[in-house]
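Below, each chain spelled out in residue letters.
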Amino acid sequence: MVAMEIVNQIKDLLINSFHNAVKFNWAGVHYKMSSLIVMTAAILAAVFLLKVFIKWRRKKEMSFYLHSGLIFPKDTRPSIVHRFIRGTAWTMVLIGILFLGLALAEPVFYEASRIEKIESREVVYLGDASASMGFPLRNSHISRGEAKQEFLSKLILKRKDKKDRAAFVVFGTESEIWSSFTTNFESLSFSIFSAPTVIAPAEAPQMWAGDFILKRGQYREADFGGGTALHLGLQSAIYLFNDKGLSEITDEMKRNPGMKMRSVIIITDGAADTNPEKQFIELRKLGIIPYLVFIDPAREVEKKMYGENSSHAKLPDELLVMVRRYGGEYFLAGDIKAIDKISDTLDRLQSVRISVKVSANEKEIYHIPLEISFACFILAGGMRFALGRFWRIV
């Protein structure tokens, strides 16, 4: 039993050794002591020359015996089978010596490892849900609020594989955080589509007959709904960055003030109740880039709702200037086609920085040629022991 177990282990060693030798990429191997390879090659060359010399001497002796009449008859000389088996055994010995020399030369293989690190961006999507978002988008049959939802869905879909940490805030008369920072696309999408598209008084369809196109059930009814507290929405975004943002991003932005790793995307029709400049100043201090998507910039709705000279009708112009003043960009979405183009542009502006680290790891592989050498010696010894009669001439 013990003998059989040893035989099986030797068999497994032989199979694994030759399998490793065949599949290994020897072209990429480097040798720390390459002089040993030269020495091994010299030894093998010497052995080969010695073998040639011995064979030449034997031929001369055979010639002597041929003339003396003492040469063995052909039927008593080693046959082709005898010579093949003996030659195979010697070949195994020579191969074993060759691989033993390779093992002693300390072969190493350098594995190149490439690590890509995607630097996370933090984005807060700020969606306007005021009553004016229930009015129709110019030259379309959908409301501004529905256009806002479509824009958001397209943009986050484009950003799906960018590893953003994104949050979603809805603002109307008040501000509501519907999703804190998450990298889960499905979770963010669920929050966006669960949040109210528009928050307005229950009697909104009667208050703005013919203009407010959403029906009951399509918007959230609120007694004090309808306002546009953009400043509160921005304040919620600032809270999320300060309290829920990654400390690694904060530290990186302190080391590299020019890094654009945080942004707030505001989707609104521009009719804010209160001037939000204070919040824009705070965003700039924190290094947060504001992007304003102005849904339907015509402003006829605001003039109809609040009057020709109302601040609600004038504030959009001030808001556009304000965004630029504090390091951001604004986009005018007059129709559905413009919304598609804006989502593409915003996706490009929020480029992801990928840092690549390449390193070479040294891997010692002396065991592979050593195993092959050992296997060759075992094969040669096994053939000599098991087929000993082929080494005798009768």
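Residues numbered from 1 in each chain as written. Predicted model: local features only at pLDDT ≥ 70, side-chain atom pairs only at ≥ 80, totals over all residues. Heavy atoms only, no water.

**Notes on the overall build of the protein chain**
Alright, step 1. Helix and strand counts for the protein chain stand at 13 helices and 11 strands.
Alright, step 2. With 394 residues in all, the protein chain has 40% of them scored as buried.
Alright, step 3. Contacts spanning at least 24 positions in sequence make up 80% of the contacts within the protein chain whose residues lie at least 6 apart. (Helix = DSSP H or I, 4+ residues; strand = E, 2+ residues; numbered from the N terminus. Buried < 20%, exposed > 50% of the residue type's maximum accessible area, 1.4 Å probe, protein only. Contact = heavy atoms within 4.5 Å.)

**Observations concerning the side chain of Ser143**
Alright, step 1. Examined against the element boundaries, Ser143 turns out to sit in the loop between strand E3 (122-128) and helix H4 (144-158).
Alright, step 2. Residue class for Ser143 comes out buried when judged on its relative accessible area of 0%.
Alright, step 3. Those residues in contact with Ser143, other than ones at most four positions away along the chain, are Met133, Gly134, Phe135, Pro136, Leu137, Ile213 and Leu214.

**Remarks on the pairing of strand E4 (residues 165-171)**
Alright, step 1. With seven of seven residues buried, E4 lies mostly within the body of the structure.
Alright, step 2. Of the two faces of E4, the one holding Arg165, Ala167, Val169 and Phe171 and the one holding Ala166, Phe168 and Val170 are both buried throughout.
Alright, step 3. Summarising the sheet, E3 and E4 pair through seven bridges and their orientation is parallel. Residue pairing across strands places Glu122 opposite Arg165, the latter belonging to E4.
Alright, step 4. Handedness of the β-α-β unit built from E3, H4 and E4 comes out right-handed.
Alright, step 5. A loop of three residues connects E4 with strand E5 (residues 175-182), the two strands running antiparallel in sequence. (Pairing = 2+ DSSP bridges. Right-handed = clockwise from strand over helix to strand, strands pointing away.)

**Points about the packing of H4 against helix H5 (residues 185-194)**
Alright, step 1. Contact geometry of H4 with H5 gives a least axis separation of 11 Å together with a crossing angle of 175°. Considering the angle they form, H4 stands roughly antiparallel to H5. The residues of H5 that touch H4, namely those facing Gln149, Leu152, Ser153, Ile156 and Leu157, are Phe185, Leu188, Ser189, Ile192 and Phe193. (Axes fitted to C-alpha atoms, helices over the stretch in contact; angles between N-to-C directions. Parallel < 35°, antiparallel > 145°, perpendicular 65-115°, else oblique.)

**Some thoughts on the sheet that holds E3**
Alright, step 1. Spatially, E5-E4-E3-E8-E9-E10 is the arrangement adopted by the six strands of the open sheet, whose pairing is mixed. Unpaired on one side and paired on the other, E5 and strand E10 (329-333) mark the two borders of the sheet. The sheet shows a mean angle of 15° between the axes of neighbouring strands, direction not considered.
Alright, step 2. With five bridges joining them, E4 and E5 adopt antiparallel strand pairing. Its bridge partner being in E5, Val170 is matched across the sheet by Glu176.

**Quick word on the packing of aromatic side chains**
Alright, step 1. Here the structure, examined in full by the defined rule, presents six aromatic pairs.
Alright, step 2. Ring geometry for Phe135 and Phe212: centres 6.2 Å apart, planes at 90°, overall edge-to-face. A residue pair is termed long-range when its members are at least 10 positions apart, and Phe135 in the loop between E3 and H4 and Phe212 in the loop between helix H6 (204-207) and strand E7 (220-221) qualify at 77 residues. For the pair Phe135 and Phe212, one class covers both residues: buried.
Alright, step 3. Between Phe212 and Tyr219, the aromatic rings sit 5.1 Å apart at their centres with planes inclined by 80°, giving edge-to-face as the arrangement.
Alright, step 4. On the basis of relative accessibility, which here comes to 5%, the residue Phe212 falls in the buried class.
Alright, step 5. Taken together, the ring pairs in this structure connect Phe135, Trp208, Phe212 and Tyr219 into an aromatic cluster. (Phe/Tyr/Trp six-rings, centres within 6.5 Å; stacked < 30°, edge-to-face > 60°.)

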